[in-house]
Amino acid sequence: MATGKVHHSPKVTTTFPLQEEVEDGKNRHLVKCQRCPSRILNPGMGVYKQVEFPLPHMKQKTDRGDISTVEEEVIKDYWVVEDMYSFENVGFSNSVAGVKYLACADCEVGPIGWFDIAAQTSYVALSRVLHGNG
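Residues numbered from 1 in each chain as written. Predicted model: local features only at pLDDT ≥ 70, side-chain atom pairs only at ≥ 80, totals over all residues. Heavy atoms only, no water.

The protein chain appears in an unreviewed UniProt entry as Guanine nucleotide exchange factor MSS4-like protein from Cryptotermes secundus.

Here is the structure:
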């Protein structure tokens, strides 16, 4: 489970093509859901930041036997959104260990990121969304 703690790591490397997506520290393109055509975030509304945070996998294995264990992956590249009303179409889960998980409000795919309750800040994982102009 996520602990709700953010691990700041100033020297994190990434495999995401940042030069194509970041302009003046913000998202250059529209951020969309991977599954449906819903808009998540308009251009320029998210600030790029590298933090390490374990997000549950979007698809959990059901044949593991132990359904109380959640498989996670540490994601490092995020769009930070300070105002939840900046989103076009995002849903928030119930609180889990000091965070709420973000999902597409239309098709409910997720988590695409997380919301830090104490800081009132949202983090959208670049690897969990699509980027483009259409």
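Following the structure, the description resumes.
Formed by 19 residues in total, the largest nonpolar core has its most connected members in Ile40, Leu41, Trp79, Phe87 and Leu102. Of all elements in the fold, only β5 (39–41), β7 (72–81) and β9 (99–104) reach the threshold of two or more residues within this core. Membership of the second largest hydrophobic core comes to 11 residues, among which are Val51, Leu55, Tyr101 and Ala125. (Core = buried A, V, L, I, M, F, W, Y, C linked by side-chain atoms within 4.5 Å. Buried < 20%, exposed > 50% of the residue type's maximum accessible area, 1.4 Å probe, protein only. Helix = DSSP H or I, 4+ residues; strand = E, 2+ residues; numbered from the N terminus.)

Scored by pLDDT, the protein chain comes out at a mean of 84, with 80% of its residues at no less than 70. Counted against residues more than four places away or in other chains, residues 1–13, with its pLDDT under 50, gives 28 contacts. (pLDDT = per-residue confidence, 0-100. Contact = heavy atoms within 4.5 Å.)

Applying the stated criterion to the full structure yields 2 salt bridges. We note a salt bridge from glutamate 23 to arginine 28, for which the minimum N-O separation is 3.7 Å. Exposure remark for arginine 28: the relative accessible area of 32% places this residue in the partly exposed category. In this structure, arginine 128 engages glutamate 73 in a salt bridge whose closest nitrogen and oxygen atoms are separated by 2.8 Å. Of this pair, arginine 128 sits in the loop between β11 (121–125) and β12 (130–132) while glutamate 73 sits in strand β7, placing them 55 residues apart in sequence. (Salt bridge = Lys/Arg side-chain N within 4 Å of Asp/Glu carboxyl O.)

Covalently bonding the sulfur atom of one cysteine to the sulfur atom of another cysteine gives a disulfide. Counting across every chain of the model gives 0 disulfides. For cysteine 107, which is in no disulfide, the shortest distance to another cysteine sulfur is to cysteine 33 and amounts to 3.6 Å. (Disulfide = S-S within 2.5 Å.)

Attention now goes to the pairing of strand β6 (residues 47–56). By the criterion of burial, β6 is predominantly enclosed, with 7 of the 10 residues buried. For β6 and β7, the ladder comprises 8 bridges, and the chain directions are antiparallel. Along β7, the bridge assignment pairs valine 47 with valine 80. (Pairing = 2+ DSSP bridges.)

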